[in-house]
Amino acid sequence: MTIQVNGESRGIGDGHTVAALLRELDIRADRVAVELNLEILDRKDFETRGLREGDRVEILSFIGGGAE
Amino acid sequence: MDTMNDRLVIAGREFQSRLWVGTGKYKDFAETKKAIDASGADVVTVAVRRVNITDRSKENLLDYLDPKKYIILPNTAGCYTVEDAVRYARLARAAGVSDLVKLEVIGDEKTLFPDTAGLIEAAKILIKEGFIVLPYTNDDPIVAKKLVDIGCPAVMPLAAPIGSGLGIRNPYNLKIIMETVKVPIIVDAGVGTASDAALAMEYGADAVLMNTAIAGAQDPIAMAEAMKYGVWAGRLAYKAGRIPRKLYATASSPIEGML
């Protein structure tokens, strides 16, 4: 199935969870926030939250910044 | 005065350093880390952005800044609406470990001045959700008071536009803010060099936050150290109590005993 990750289309296996997606992308779950269809997920739900066709996933983390 | 025992407390949290620094605009993470260490700051601001999913070789800022050692203060930089600022604050909390947020609602691209009406609105929403909101605001005493009234445990008025290096453009307003609100004041943005930081502290600011003045200096590491001493000197002078300004001279050597 195809989902949107950070604005880009990406094919993933059926039944993938958020945690599985993060592992596939080699991203540490404890350092990111995940927004699924505009809903910010609780980190403890990453393992159980399944992804569906057309889902829009945003993965964000801290980067260098002062102001603006 | 022992600077180590002169701690800043905001919302029950103790901060060791009165110089807070941003982590943007550095050459690389190694330079960021060196500058922060030289500054002595224990509070560092960060932004929240999309992870680069195509190039995972990129290092993570948190590889260099251990969240156990530094207080990570996420900002909502780049947000021009209440909705965006609230969204980014929530994402920051989800990505991090605390309820702290440096709230910015920017009003205009050219000046990057805060949209203070939007700021108050966003702060209200976030405070209701349990955030500890440190608002980046204008040097406007009325807005500062409103922010405190709705529950902000500190206010962060600007010295001058972000990244401008102009120094404190309106010391009188800052003084009025310091006398009006009874929470810590962190002068944020616009500092250019160490004397600006010292002045802010001499006026009675509780801390100073800066990024560009250090990261943009020809030698960021040396400037970080200069800023550390500037903040210390200003704080010490504030606590010591300066002499009043007088128009005419007052001799400091005695007249007695002269021929």
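A brief look at the structure comes next. (Residues numbered from 1 in each chain as written. Chains lettered and ligands numbered in written order. Predicted model: local features only at pLDDT ≥ 70, side-chain atom pairs only at ≥ 80, totals over all residues. Heavy atoms only, no water.)

**Comments concerning the overall build of chain A**
No. 1: Within chain A, the regular secondary structure consists of one helix and five strands.
No. 2: When the helices and strands of chain A are read in sequence order from the N terminus, they spell out β-β-α-β-β-β.
No. 3: A compact globule built from 68 residues should have a C-alpha radius of gyration of about 11 Å, and chain A, at 12 Å, falls within 12% of that.
No. 4: Each of the three principal axes of chain A carries a C-alpha extent, and together these read 40 × 25 × 20 Å. (Helix = DSSP H or I, 4+ residues; strand = E, 2+ residues; numbered from the N terminus. Rg over C-alpha atoms; globule rule 2.2 N^0.38 Å.)

**Description of the sheet that holds strand 7 (residues 132–137) of chain B**
All names here are of chain B.
No. 1: Spatially, 6-7-8 is the arrangement adopted by the three strands of the open sheet, whose pairing is parallel. The open sheet terminates on both sides in strands that have one partner only, identified here as strand 6 (100–103) and strand 8 (156–157).
No. 2: Here strand 6 pairs with strand 7 via four bridges, running parallel. Bridge assignment links Leu100 to a residue of strand 7, and that residue is Ile132.
No. 3: Of the strands in this sheet, strand 6 and strand 7 touch helix 4 (residues 116–128), which is tilted by about 175° from strand 7. (Pairing = 2+ DSSP bridges. Contact = heavy atoms within 4.5 Å. Axes fitted to C-alpha atoms, helices over the stretch in contact; angles between N-to-C directions.)

**A word on unusual backbone geometry**
No. 1: If you check the backbone angles, A:Asn6 has positive phi at about 50° while not being a glycine.
No. 2: Positionally, A:Asn6 belongs in the loop between strand 1 (2–5) and strand 2 (8–11).
No. 3: Judged by its relative accessible area of 7%, A:Asn6 is buried.
No. 4: Within the chain, B:Lys25 stands out as a residue other than glycine whose phi angle is a positive 70°.
No. 5: Its location among the elements puts B:Lys25 in the loop between strand 3 (19–22) and helix 1 (29–39).
No. 6: Exposure remark for B:Lys25: the relative accessible area of 58% places this residue in the exposed category. (Buried < 20%, exposed > 50% of the residue type's maximum accessible area, 1.4 Å probe, protein only.)

**Remarks on the interface of chain A and chain B**
No. 1: Listed by partner, the interface residues are 27 residues for chain A and 37 residues for chain B.
No. 2: Applying the counting criterion to the chain A and chain B interface returns three salt bridges.
No. 3: Remark: the boundary between chain A and chain B carries eleven residue pairs in polar contact (both at pLDDT 80 or more).
No. 4: No other element matches strand 5 (residues 56–64) of chain A, which puts seven residues into the side of chain A that touches chain B.
No. 5: By residue class, the composition of the side of chain A that touches chain B is 13 nonpolar, six polar and eight charged.
No. 6: Pairing of strand 5 of chain A with strand 4 (residues 43–50) of chain B, which is carried by five bridges, proceeds in the antiparallel orientation. Its bridge partner lying in strand 4 of chain B, A:Ser61 is registered against B:Arg49. (Salt bridge = Lys/Arg side-chain N within 4 Å of Asp/Glu carboxyl O. Polar contact = N/O pair within 3.5 Å; in protein donor to acceptor, adjacent residues only side chain to side chain. Nonpolar A, V, L, I, M, F, W, Y, C, P; charged D, E, K, R; others polar.)

**Side note on the packing of helix 1 of chain B against helix 9 (residues 220–240) of chain B**
To characterise two packed helices, one gives the angle between the axes of the helices and the distance between these axes.
Residues and elements named next belong to chain B.
No. 1: Here helix 1 crosses helix 9 at 25°, and the two axes come no closer than 7 Å. With respect to helix 9, the axis of helix 1 lies roughly parallel. The hand of the helix 1/helix 9 crossing is right-handed. For the pair helix 1 and helix 9, the contacting residues are Glu31, Lys34, Ala35, Ala38 and Ser39 in the first and Pro220, Ile221, Ala224, Glu225 and Lys228 in the second.
No. 2: The residue inventory of the contact of helix 1 with helix 9, partitioned by class, reads five nonpolar, one polar and four charged. (Parallel < 35°, antiparallel > 145°, perpendicular 65-115°, else oblique. Left-handed = near helix turned anticlockwise from the far one by under 90°.)

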